[in-house]
Amino acid sequence: MARSDFVHLHVHSQYSLLDGACQLPQLVERAVQMEMPAVCLTDHGNIFGAIEFYLLARQKGIKPIIGCETYVSATSRFTRGDPHQKSLFYHLTLLIKNEQGYRNLLRLISIANSEGFYYKPRIDGEVLARHAAGLVGLSGCLKGEIAALLLAGRSEQATQRARELASLFEPESFFLEVMDHGLPEQKKVNPLLRRLSEETGIPLVATNDVHYLKKEMARAHEILLCLQTQTTLADPNHMRMSAPEFYFKSPEEMRALFADMPEALHNTLRVAEMCTLELNLHKTHLPTFKVPAGITDIEFLRRECAERLR
């Protein structure tokens with residue numbers, strides 16, 4: 001049988017804590033069943049599952065693509081403000097192309113947690129510009145900056161921002177992400193993203209915001225969101241997805257959704273071909289610290305811990 005002509009590039013596992021419900025072994029097995037040549041992992045703000053996912057996928061003959069759905073501050077990663085302000089941060093999907101990209105994504109996530117953490121681990125444009133090499137950028141879901149600008153009717157700013165983001169990455173390494181979960185906002189923004197693509201030359205890529213593996217798991221995922229938000233299904237205002245469409249869809253389902261955008265489907269394979277990360281897991285990787293003269297490494301560690309604990 002011919003291999004699938006579509007690859008999922010936006011997937012949340014159990015490591016998107018209390019939000020994603022895809023168990024990694026079952027996720028990889030689902031990709032095998034659909035004869036996908038690759039599958040991606042893009043958990044929220046972390047790559048906790050990266051190595052487990054990498055090993056599982058390689059064992060099954062599937063190319064693992066490691067990524068992260070990052071939170072990008074609307075201003076600076078050091079800015080603090082109203083946590084309920086919708087524009088406090090935007091989503092941006094980052095995928096690893098190679099070892100340099102792996103190291104850069106590790107650095108970005110570390111900075112997001114150590115410098116930018118405010119309700120979410122945040123990066124900003126300044127730090128992304130320094131660590132974008134070896135990464136592919138996807139513009140994100142409806143909570144991405146470009147989609148938000150287009151929905152607000154600010155098309156000129158969306159065009160400018162799309163060009164700015166594309167300039168941060170290596171050539172041909174930034175894509176405008178289109179999704180269709182049946183939401184009215186997506187029906188409105190997708191033609192605008194297509195027009196923006198034609199205007200700027202930035203290609204489209206089709207994704208499904210995968211949070212669970214099968215459509216019938218939507219109810220269980222709704223319960224998971226209740227656990228996250230400390231509420232119950234009986235609460236009429238409890239958090240839920242807008243439609244039961246956030247599952248690991250088949251290539252046939254994706255082709256039906258994006259029949260008018262075949263290039264966006266093809267570009268998922270294009271991105272998968274760009275991502276060729278090879279990890280050496282047979283070598284111990286530990287940082288090297290310069291120890292002052294006159295003390296042992298253990299004495300130095302003890303001294304540093306004692307000073308920081310104060």
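Everything that follows concerns the structure shown earlier in this document.
Here is what the cut-offs are and how they apply
- Residues numbered from 1 in each chain as written.
- Predicted model: local features only at pLDDT ≥ 70, side-chain atom pairs only at ≥ 80, totals over all residues.
- Heavy atoms only, no water.
- Core = buried A, V, L, I, M, F, W, Y, C linked by side-chain atoms within 4.5 Å.
- Buried < 20%, exposed > 50% of the residue type's maximum accessible area, 1.4 Å probe, protein only.
- Helix = DSSP H or I, 4+ residues; strand = E, 2+ residues; numbered from the N terminus.
- Contact = heavy atoms within 4.5 Å.
- Disulfide = S-S within 2.5 Å.
- Expected span 1.5 Å × (residues − 1).
- Patch = residues over 30% accessible without salt bridge, like charges linked within 9 Å, V, L, I, M, F, W, Y side chains within 5 Å.
- Areas by Shrake-Rupley, 256 points an atom, 1.4 Å probe, with all protein chains shown as cover.
- Salt bridge = Lys/Arg side-chain N within 4 Å of Asp/Glu carboxyl O.
- Phe/Tyr/Trp six-rings, centres within 6.5 Å; stacked < 30°, edge-to-face > 60°.
- Pairing = 2+ DSSP bridges.
- Right-handed = clockwise from strand over helix to strand, strands pointing away.

Next up on the list: the nonpolar core. Judged by nonpolar contacts, the single largest core of 61 residues is most densely connected at L27, I66, L94, I146 and F248. Of all the elements, helix α3 (residues 99-114) adds the most residues to this core, at 6 residues. With residues near it in sequence (within four places) discarded, L94 still touches G67, C68, T70, L105, L108, I123, L128, L135, V136, G137 and F169. Among the nonpolar cores identified, the runner-up in size contains 14 residues, and V7, C40, L95 and L138 belong to it.

This next bit is on the state of the cysteines. The tally for this structure, following the rule as stated, stands at 0 disulfides. A disulfide-free cysteine, C141 has its sulfur positioned 13 Å from the sulfur of C68, the nearest such atom. Judged by relative accessible area, which is 11%, C141 ranks as buried.

The next point concerns helix α6 (residues 155-168). Spacing of three or four residues puts side chains on the same side of an α-helix, whose turn is 3.6 residues. Taking 1.5 Å per residue, 14 residues should reach 20 Å; α6 reaches 20 Å between its end C-alpha atoms and fits that length. Buried within α6 we find A158, T159, R161, A162 and L165. Of the surrounding secondary structure, the elements contacted by the buried residues of α6 are α5 (145-151), β6 (174-178) and α7 (184-200).

Attention shifts here to a nonpolar patch on the surface. On the surface, a nonpolar cluster with roughly 590 Å² of combined accessible area is contributed by L17, L18, F48, I223, L227 and L233. With respect to the helices and strands, the residue L233 is situated in the loop between α8 (218-229) and α9 (251-257).

Take F48: it is sitting in the loop between β1 (38-44) and α2 (50-59). For F48, a relative accessible area of 58% translates into the label exposed. Along the primary structure F48 and R122 are separated by 74 residues, whereas in three dimensions their C-alpha atoms are 16 Å apart.

Moving on to the packing of aromatic side chains. According to the stated counting rule, one finds 3 aromatic pairs in the structure shown. Ring geometry for Y118 against Y119: centres 4.8 Å apart, planes inclined by 90°, an arrangement best described as edge-to-face. A centroid spacing of 5.7 Å and a plane angle of 15° characterise the contact between F169 and F174, whose relative ring orientation is stacked. A residue is classified by how much of its surface remains accessible, and F169, at 6% relative accessible area, is buried.

Across the 7 residues of β1, 7 count as buried, placing the element largely inside the fold. Here β1 shows two buried faces, one formed by A38, C40, T42 and H44 and the other by V39, L41 and D43. In this structure, β1 lies alongside strand β2 (residues 63-73), joined through 7 bridges in parallel fashion. Within β2, the residue paired with D43 across the bridge is C68. Handedness of the crossover is the feature at issue here: the chain leaves β1, passes through α2, returns alongside β2, and the resulting connection is right-handed.

Turning to the pattern of salt bridges, a few remarks are in order. All chains considered together, the criterion is met by 20 salt bridges. Of the charged contacts in the structure, one is a salt bridge between K97 and E170, with a shortest N-O distance of 2.7 Å. Of the two residues, K97 is situated in the loop between β3 (89-96) and α3 and E170 in the loop between α6 and β6; the sequence distance between them amounts to 73 residues. Owing to a relative accessible area of 26%, E170 belongs among the partly exposed residues under this scheme. Between R161 and E145 there is a salt bridge; the shortest N-O distance is 2.8 Å. Of this pair, R161 sits in helix α6 while E145 sits in helix α5, and the two are 16 residues apart along the sequence. Each of the salt bridges in this network shares a partner with another, and the network as a whole consists of R77, E115, D124, E126 and R130.

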